[in-house]
Amino acid sequence: QMTLRFGSAAIKHRVNCHANENWKKSGLRIQVCVDAGRARERRTKRGKRAKGLKRQGFHSDWIAPWLLTINTFDENGKIVKDVPAIIDGSCEKINEFYDLLEQHLRAINIEEAIEIVFCADGGCGIWPRFEELAQKLNLKNSTFVLDYTHAKQNMAEITTTITEALKLSNKKAQKLQKKISD
């Protein structure tokens, strides 16, 4: 009970926990990365254990954890180490997660950022919310980028389609794959 009360109080101040003077500088280049996953959360079955079973068993519902990372990068695209990354997440619904993301963005000096890059997978629920958030915060200098892992996955699918359409040999297909990956 005490842990739950402490957790409830702490969750209200989670955005303030990331407060750092380096986030207040003007001219930052900011990267906002969002990713979602799926996990199962076990809940022990209630009641008496069935005969012949060694364990009680459990129920497992799917939950969707949403994670965000906000960091700064320099003109060469390298992460700036003296500005600590903001790493947070939620297992709430997607709207509550984007409210949390908005709180984090309002807490830093995003108005005076040189560049803001929103990065995520190709999930159809993410991109419209990024655009909505950029409009809501009046971000004129924001771009939207597909993350590396998903871009590479899509490139592999394109390579397979080209290989099959042109009926390329394995050797030529590997050459094409290497050329596209580089």
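Data block above holds the structure.
The written sequence of each chain sets the order in which its residues are numbered from 1. With the structure being a predicted model, the display of local features is reserved for residues of pLDDT at least 70 and the display and counting of side-chain atom pairs for 80 or more, all residues being used for whole-chain, interface and lining totals. Hydrogen atoms and water are omitted, and side-chain values are computed over all heavy atoms in the structure.

Asks: Pulling in residues and values, what's your account of the environment of Asp 82?
Replies: Helix and strand assignments come from DSSP, with helices taken as H or I runs of at least 4 residues and strands as E runs of at least 2, each series counted from the N terminus. Along the chain, Asp 82 turns up in the loop between strand E4 (66–72) and strand E5 (86–90). Expressed as a C-alpha distance, the spacing of Asp 82 and Asn 22, which sit 60 residues apart in the sequence, is 7.6 Å.

Asks: Run through the nonpolar core, naming residues and quoting values.
Replies: Joining through side-chain atoms within 4.5 Å is the link that ties buried Ala, Val, Leu, Ile, Met, Phe, Trp, Tyr and Cys residues into a set, and such a set is a nonpolar core. Whether a residue is buried, partly exposed or exposed follows from its accessible area with a 1.4 Å probe, protein chains only, as a fraction of its type maximum: under 20%, in between, or over 50%, in that order. Ile 30, Val 34, Ile 70, Tyr 98, Leu 101, Leu 105 and Phe 130 are the most contacted members of the largest nonpolar core, which has 30 residues in total. Elements that contribute at least two residues to this core include exactly strand E1 (29–36), E4, helix H2 (94–107), strand E6 (115–120) and helix H3 (126–136). Sorting elements by how many residues they give to this core places H2 first, with six residues. What Phe 130 contacts, discounting residues up to four positions off in sequence, is Val 34, Tyr 98, Leu 101, Phe 118, Cys 119, Ala 120 and Phe 144. Throughout, a residue-residue contact means that at least one pair of heavy atoms, one from each residue, lies within 4.5 Å.

Asks: Which residues make up unusual backbone geometry, and what values go with them?
Replies: Backbone geometry at Asn 138 places phi at a positive 55°, although glycine is not the residue there. In this fold, Asn 138 is placed in the loop between H3 and strand E7 (142–146). Under the relative-accessibility criterion, Asn 138 is labelled exposed at 51%. For Lys 167, which is not glycine, the phi torsion reads 50° and is therefore positive. With respect to the helices and strands, Lys 167 occurs in the loop between helix H4 (148–166) and helix H5 (170–181).

Asks: Lay out the sheet that holds E5 in plain terms, naming residues and giving numbers.
Replies: A sheet is described by the order of its strands in space; here five strands give the open sequence E5-E4-E1-E6-E7, paired in mixed fashion. Looking at the sheet topology across the chains shown, the edges are occupied by E5 and E7. Averaged over all pairs of adjacent strands, the angle between strand axes in this sheet comes to 20°, irrespective of strand direction. The pairing of E1 with E6 spans five bridges and is classified as parallel. Across the sheet, residue Val 32 finds its bridge partner in E6, namely Phe 118. Fitted lines through C-alpha atoms serve as axes, helices being fitted only where they are in contact, and the angles separating the N-to-C directions of these axes extend from 0 to 180 degrees. The sheet strands contacting H3 are E1, E4, E6 and E7, and the helix crosses E7 at an angle near 165°. Each pair of strands is called paired provided DSSP finds at least two bridges between the two strands.

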